[in-house]
Amino acid sequence: MYRLRHMPNPAVSSFSGRDGVRLAYRETGAGRPLILLHGFTGDATLWLLNGQAEAIAATGHRVIMPDFRGHGRSDKPHDAASCPPDVLADDGFALVEHLGLSEYDLGGYSLGARIVVRMLVRGAAPGRAVVAGQGLRQVLGSGGGADASLRPVLTGWGTFEPGSPEERQERWLRSGGADPVALLRVLDSLVATPAESLARITVPTLVAVGADDSGAASSAGQLVAALAHATGVVVPGDHWTAAGSPELVTAIVDFLAGQR
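By convention here, each chain's residues receive numbers from 1 onward along its written sequence. Since the coordinates come from a predicted model, pLDDT governs what is reported: local features require at least 70, and pairs of side-chain atoms require 80 or more to be given and counted, while whole-chain, interface and lining totals use all residues. Only hydrogens and water are set aside when side-chain values are computed; all heavy atoms of the structure are taken into account.

Salt bridges are defined as contacts in which a side-chain nitrogen from Lys or Arg sits within 4 Å of a carboxyl oxygen from Asp or Glu. The final tally for this structure, using the stated rule, is 13 salt bridges. For Asp91, the salt bridge is made with Arg69, and the minimal N-O distance between the two is 2.8 Å. Residue Asp91 is found in helix α2 (residues 87–99), and its partner Arg69 is found in the loop between β4 (61–66) and α2; the two are separated by 22 residues along the sequence. Its salt-bridge partner being Arg151, residue Asp188 comes within 2.9 Å of it at the nearest N-O pair. One end of the pair, Asp188, is in helix α7 (residues 180–189); the other, Arg151, is in helix α5 (residues 146–155), with 37 residues separating them in the sequence. Since its relative accessible area comes to 46%, Asp188 is described here as partly exposed. The exposure class of Arg151 is partly exposed, given its relative accessible area of 24%. Through salt bridges with shared partners, a single network forms among Asp86, Asp90, Arg118 and Arg122. The helix count covers DSSP runs of H or I at least four residues long, the strand count covers runs of E at least two residues long, and both are numbered beginning at the N terminus. Exposure classes here rest on a 1.4 Å probe applied to the protein chains alone. A residue is buried below 20% of its type maximum, exposed above 50%, and partly exposed in between.

Here it is, written out as structure tokens:
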């Protein structure tokens, strides 16, 4: 198992989405490229706070971590036209094109995992893929994701009773610099993936969930079954803590090593 430790954040670079929106990314390490996508309301530091990216890079990977539009150091546009359907997948393709990648791996956690699936069904061809923190229900868009839990908070921003659950959640989002309008635009852009599309994915895929992730763990096995070449693994933690677990890093590294 890999011992994780916090490392200094890599420098922020930028590229343009296909519509010209400025998007940020960071990278660390050298070797086979691995793009890692973060979850809703987060940013690339998801993979840095507990040293996960450094641990993966140490095994011979160039780890590339973008910030979604509306998140982190990327632009946060408010107009609806800036977030058409599936725009986050478009941005993923734009990053691959910007870096000139022909051989790479692709992974994501929570919302990032859904975008990995969207890229796969739209023709992305990584050597291997990691879908973490999501089950079949979330990928199908049938509930249990950020739309259900966070949309009411973002919609009612600034109106909640002090001390209420919604106000506490808003306060937490504010502490991370969340822009509620930009995040709502991102939610509106999300596209569900039908089961028949999942069956056509041929890329070997690791489906990883936390043992106590009440939203994703219940249908993670169904997601493994829906994919033609998938492996499932359960790691310690809930939806928030599993992303930073050494066991998730070990599972990712071991899975990626299978291509060598």
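Having seen it, we continue.
Take the packing of aromatic side chains next. A pair of aromatic rings is counted whenever rings of Phe, Tyr or Trp (Trp by its six-membered ring) have centres within 6.5 Å, and the orientation is called stacked for planes under 30 degrees apart, edge-to-face for over 60 and tilted otherwise. Enumeration according to the criterion identifies 2 aromatic pairs in this entry. Ring geometry for Phe15 against Tyr25: centres 5.9 Å apart, planes inclined by 65°, an arrangement best described as edge-to-face. Of this pair, Phe15 sits in strand β1 (residues 13–16) while Tyr25 sits in strand β2 (residues 22–28), and the two are 10 residues apart along the sequence. For the pair Phe15 and Tyr25, a shared accessibility class is recorded, and that class is buried. Where Trp172 meets Trp240, the ring centres are 5.8 Å apart and the plane angle is 75°; that geometry is what we call edge-to-face. Of this pair, Trp172 sits in helix α6 (residues 165–175) while Trp240 sits in the loop between β8 (230–235) and α10 (246–257); the two residues are 68 residues apart in sequence, bridging distant segments of the chain. The class for Trp172 is partly exposed, based on a relative accessible area of 44%. Exposure remark for Trp240: the relative accessible area of 63% places this residue in the exposed category. Either the NZ atom of lysine or the CZ atom of arginine qualifies as a charge over a ring when it sits within 6 Å of the ring centre and within 35 degrees of the ring normal. Taking the ring centre of Phe255 as reference, the NZ or CZ of Arg128 above it sits at 4.7 Å.

Checked against the element boundaries, Arg174 lands in helix α6. Residues Arg174 and Ser102, spaced 72 residues apart in sequence, show a C-alpha to C-alpha distance of 38 Å. Contacts were defined at the residue level, with two residues in contact if any of their heavy atoms lie within 4.5 Å. Setting aside residues up to four positions removed in sequence, Arg174 forms contacts with Trp157 and Gly158. Polar contacts, as used here, are pairs of N or O atoms within 3.5 Å; protein pairs need one atom able to donate a hydrogen and one able to accept it. Residues neighboring in sequence count only if both atoms are side-chain atoms. Among the polar contacts listed, one links the side chain of Arg174 to the side chain of Glu170, at a separation of 2.8 Å.

Right, let's talk about the nonpolar core for a bit. Throughout, nonpolar core names a set of buried Ala, Val, Leu, Ile, Met, Phe, Trp, Tyr and Cys residues whose side chains join them through atoms within 4.5 Å. Within the largest apolar cluster, 51 residues are counted, with the highest numbers of intra-cluster contacts made by Ile35, Phe40, Ile115, Leu154, Leu198 and Leu223. It is α2 that provides the largest number of residues to this core, a total of 8 residues. Among all residues touching Ile35, those that are not within four sequence positions of it are Ile64, Pro66, Leu95, Val96, Leu101, Tyr104, Asp105, Leu106 and Gly107. Core analysis: the second largest hydrophobic core is formed by 26 residues, Ala57, Ala208, Ala251 and Val253 among them.

One non-glycine residue, Asp86, adopts positive backbone phi at about 70°. If you trace the backbone, Asp86 turns up in the loop between β4 and α2. Of note in this structure, Ser110 is not a glycine but carries a positive phi near 60°. Considering the arrangement of structural elements, one finds Ser110 in the loop between β5 (105–109) and α3 (111–121).

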